Amino acid sequence: MADPLQPWLERFGAYLRTERRLSPLTRQHYRRDLHNFAAFCAAAGTGAWSDVTSHQIRAFVARRHRDGLAARSLQRQLSAVRSFYNFLLREGAAAHNPAQDVSAPRAARKLPQPLDVDQVSRLLARSGDSDPIASRDHAIMELLYSSGLRLAELVSLELTDIDAADGTVRVTGKGAKTRIVPVGRQALAALAAWRERRPALAAADETALFVSRRGSRLSPRSVQQRLRHWGLRQGVDGRVHPHKLRHSFASHLLESSGDLRAVQELLGHADISTTQIYTHLDFQHLARVYDQAHPRARKKP
């Protein structure tokens, strides 16, 4: 017997791909979250999406919470259900959104932990070799720190996205939105060195800026592994990953400039409230300086 809930999930997946133009990874998250919700509804005997009530959605959230799902994951799943019902409303397949007034447990807000300037300098210190892989990795790390790119943005870059003469990179971010971001002098030099060595690895018809040993576009997982490798090799405390360099870019820039709006534009945040987390980091830095420098704050030896 055909599942009566499945066709609308497929139509929603097509909507996310063609109209909202979300990334494959984001669509995968939506698909997994809604599959869990559909399985819960099917087990309860739900025959149509319009039959679902807010009570059922609360029961679903409670079940997932008992299964050990973290508050942030519950919030993401509930957000997926809300988005799905907004789509059903638009298509006339539901009369209301039963998830609208359902809330998930609040997650503790974790501040990102950036590298300090000395740690970044240690990570980006050149090893002096001419190995294409090392050259590629150096260019990746310089660009991540110079321009604050997301991992998905970095691996999707094409050769034509770098404008060396103008010192910019064209970035396609969330929702297929494009922004132009400055690239620093040292990152441009590292990119130029990589482009000289790139033909030794890249397939003849490959247009990706960063490629693997096999000559094809570098995967997000490979970038994560390479950054962890260099963090260990360069003796940087803590695990180094792409988002940590993005955090470092944002916090160092805000610390120097104090211009939250500019940092928002450079990061590609749609909502400034997302960027405001870096003001907490900046305050932490100021608090440490105060504790160390103010006569009335310093601890007596």
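In case you missed it, the structure is sitting above this.
The rules we used
Residues numbered from 1 in each chain as written. Predicted model: local features only at pLDDT ≥ 70, side-chain atom pairs only at ≥ 80, totals over all residues. Heavy atoms only, no water. Helix = DSSP H or I, 4+ residues; strand = E, 2+ residues; numbered from the N terminus. Expected span 1.5 Å × (residues − 1). Buried < 20%, exposed > 50% of the residue type's maximum accessible area, 1.4 Å probe, protein only. Contact = heavy atoms within 4.5 Å. Axes fitted to C-alpha atoms, helices over the stretch in contact; angles between N-to-C directions. Parallel < 35°, antiparallel > 145°, perpendicular 65-115°, else oblique. Left-handed = near helix turned anticlockwise from the far one by under 90°. Nonpolar A, V, L, I, M, F, W, Y, C, P; charged D, E, K, R; others polar. Pairing = 2+ DSSP bridges.

## Digging into helix H4 (residues 71-91)
Phase 1: With 21 residues, H4 ought to run about 30 Å at 1.5 Å a step, and its terminal C-alpha atoms sit 30 Å apart, in line with that.
Phase 2: All of the buried residues along H4 are Ala71, Leu74, Gln77, Leu78, Ala80, Val81, Ser83, Phe84, Tyr85, Phe87 and Leu88.
Phase 3: Looking at the packing, one finds that the buried side of H4 touches helix H1 (6-18), helix H2 (24-43) and helix H3 (54-66).
Phase 4: A positive phi of about 75° marks glycine 92, the residue just after H4.

## So, the side chain of serine 212
Phase 1: As for its position among the elements, serine 212 is in the loop between helix H8 (185-197) and helix H9 (220-233).
Phase 2: The class for serine 212 is buried, based on a relative accessible area of 7%.
Phase 3: What serine 212 contacts, discounting residues up to four positions off in sequence, is Arg136, Leu201, Arg217 and Leu218.

## Quick look at the packing of H3 against H4
Phase 1: Taken N-terminus to C-terminus, the directions of H3 and H4 make an angle of 155°; their axes are 11 Å apart at the nearest point. Here H4 runs roughly antiparallel to H3, going by the angle between their axes. The interaxial crossing formed by H3 with H4 has right-handed handedness. Contact with H3, carried on its side by Ile57, Phe60, Val61, Arg64 and His65, involves Leu74, Gln77, Leu78 and Val81 of H4 and no other residues of that element.
Phase 2: Among the residues forming the contact of H3 with H4, the class breakdown is six nonpolar, two polar and one charged.

## So, unusual backbone geometry
Phase 1: The phi dihedral of arginine 21 is positive, around 55°, even though this residue is not glycine.
Phase 2: Note that arginine 21 resides in the loop between H1 and H2.
Phase 3: Residue class for arginine 21 comes out exposed when judged on its relative accessible area of 53%.

## Details of the sheet that holds strand S3 (residues 178-182)
Phase 1: Ordered in space as S1-S2-S3, the three strands form an open sheet in which the pairing is antiparallel. This sheet does not close on itself; its edge strands, each paired only once, are strand S1 (162-163) and S3.
Phase 2: Where strand S2 (residues 168-172) lies against S3, five bridges are found, and the strand directions are antiparallel. Opposite valine 169, over in S3, you have valine 181 as the bridge partner.

Nothing here speaks to function; it is all geometry.
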